[in-house]
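Structural overview for review
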Amino acid sequence: IVSFMLTIIAGLRSVSVGMDTENYSVMFSWAQQVSFAMLIAGSETEPGYKLFQGIISTIFGEFQILLIVVAIIYVGLVSRLIYKCSDNPLISYILFIGLGLYTFSLSAIRQSIAMAILLIAFEYIKEKKIWKFLASVALATTFHLSALIFLPNYFLAYFKFNKKTMLALATM
């Protein structure tokens, strides 16, 4: 029920909600006016997002649909992780909202999609599936380049931390 409510709120919000939502709306309108080839080549935005936006624009033609799809992806994958990994989903949702991760998604569409994909990559860390992990990080990077910062997590998860290594890391 919580994930459904969060998805509805995020997906049906006005373009005036969120710092960058209006900019994304303008990008969406531009995507509707140019060819698919121009869309992919035409801006500095990461190619995965441009392709995603182009598909939504071509099929549905409404920016609101893009917001709904992003909300389904982001809230859906966060909820999946919460129900899979949390002993207390209610506390997890309170933290998700209270720490600002939910409200962040109302502004940062590309980053939200990348973070959602990285949640899948997190599962591959636990399962020790490096190639699927790397593929997930690569896919997330096509939505937001900052996803690359997640790469060391695979190796850090299996690194043995003791007092010496913690001290060495702290001095770096």
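Keep in mind it's a predicted model, so treat the numbers as computed, not measured.

Quick look at the confidence of the model for the protein chain now. Per-residue confidence for the protein chain gives a mean pLDDT of 91; residues scoring 70 or more make up 99%. Mean pLDDT across the elements of the protein chain bottoms out in helix α3 (residues 36-41) (76) and peaks in helix α9 (residues 130-141) (97).

Right, let's get into the packing of helix α1 (residues 2-11) against helix α6 (residues 89-98). Closest axis-to-axis distance for the α1/α6 pair is 11 Å, and the angle between their directions is 20 degrees. The orientation of α1 with respect to α6, classified from their angle, is roughly parallel. Contacts between α1 and α6 involve Val2, Ser3 and Leu6 from the former and Tyr93, Phe96 and Ile97 from the latter. For the contact of α1 with α6, the per-class residue count stands at five nonpolar, one polar and no charged.

A few words now on helix α5 (residues 63-85). The first and last C-alpha atoms of α5 sit 33 Å apart over 23 residues, in line with the 33 Å expected at 1.5 Å per residue. Within the sequence span of α5, burial applies to Phe63, Leu66, Leu67, Val70, Ala71, Tyr74, Val75, Leu77, Val78, Ser79, Leu81 and Ile82. Tucked into the core, α5 has its buried residues touching α1, α2 (21-33), α4 (47-59), α6, α7 (101-105) and α8 (109-126).

If you walk through the whole model with that rule in mind, you get one cavity of 30 Å³ or more. In this model, the largest cavity occupies a volume close to 50 Å³. Around the largest cavity sit Ala10, Arg13, Leu67, Val70, Ala71, Tyr74, Val75, Ser105 and Ile109, which together line it. It is α5 that contributes the most residues to the lining of the largest cavity, five residues altogether. Of the residues contributing to the lining of the largest cavity, the split by class is seven nonpolar, one polar and one charged.

On the surface, Phe36, Ile40, Leu51, Ile55, Ile59 and Phe60 cluster together into a nonpolar patch covering about 530 Å² of accessible area. Residue assignment for the nonpolar patch shows that the elements contributing at least two residues are α3 and α4. With three residues, α4 is the largest single contributor of residues to the nonpolar patch. Mapped onto the secondary structure, Phe36 falls in helix α3.

Secondary-structure assignment places Met5 in helix α1. Each C-alpha atom of the pair Met5 and Val70 lies 14 Å from the other, and the pair is 65 residues apart in sequence.

Time to look at the packing of aromatic side chains. One pass over the full model with this rule turns up 11 aromatic pairs. Taken together, a centroid distance of 5.2 Å and an interplanar angle of 40 degrees make the contact between Phe133 and Tyr154 tilted. Residue Phe133 is found in helix α9, and its partner Tyr154 is found in helix α10 (residues 152-156); the two are separated by 21 residues along the sequence. The same class applies to Phe133 as to Tyr154, namely buried. With a centroid separation of 5.5 Å and an interplanar angle of 75 degrees, the aromatic rings of Tyr154 and Phe155 are classed as edge-to-face. Classification of Tyr154 as buried rests on a relative accessible area of 9%. Overall, Phe155 belongs to the exposed group, its relative accessible area being 52%. Through a chain of ring-to-ring contacts, three or more aromatic side chains come together here, namely Phe133, Phe150, Tyr154, Phe155 and Tyr158.

Calculation rules
Residues numbered from 1 in each chain as written. Predicted model: local features only at pLDDT ≥ 70, side-chain atom pairs only at ≥ 80, totals over all residues. Heavy atoms only, no water. pLDDT = per-residue confidence, 0-100. Helix = DSSP H or I, 4+ residues; strand = E, 2+ residues; numbered from the N terminus. Axes fitted to C-alpha atoms, helices over the stretch in contact; angles between N-to-C directions. Parallel < 35°, antiparallel > 145°, perpendicular 65-115°, else oblique. Contact = heavy atoms within 4.5 Å. Nonpolar A, V, L, I, M, F, W, Y, C, P; charged D, E, K, R; others polar. Expected span 1.5 Å × (residues − 1). Buried < 20%, exposed > 50% of the residue type's maximum accessible area, 1.4 Å probe, protein only. 1 Å grid on protein atoms, 1.4 Å probe; cavity = no way out; pocket = protein on both sides within 12 Å on 5 of 7 lines; lining within 4 Å. Points joined across faces, edges and corners; volume = space filled by probe spheres on them. Patch = residues over 30% accessible without salt bridge, like charges linked within 9 Å, V, L, I, M, F, W, Y side chains within 5 Å. Areas by Shrake-Rupley, 256 points an atom, 1.4 Å probe, with all protein chains shown as cover. Salt bridge = Lys/Arg side-chain N within 4 Å of Asp/Glu carboxyl O. Phe/Tyr/Trp six-rings, centres within 6.5 Å; stacked < 30°, edge-to-face > 60°.

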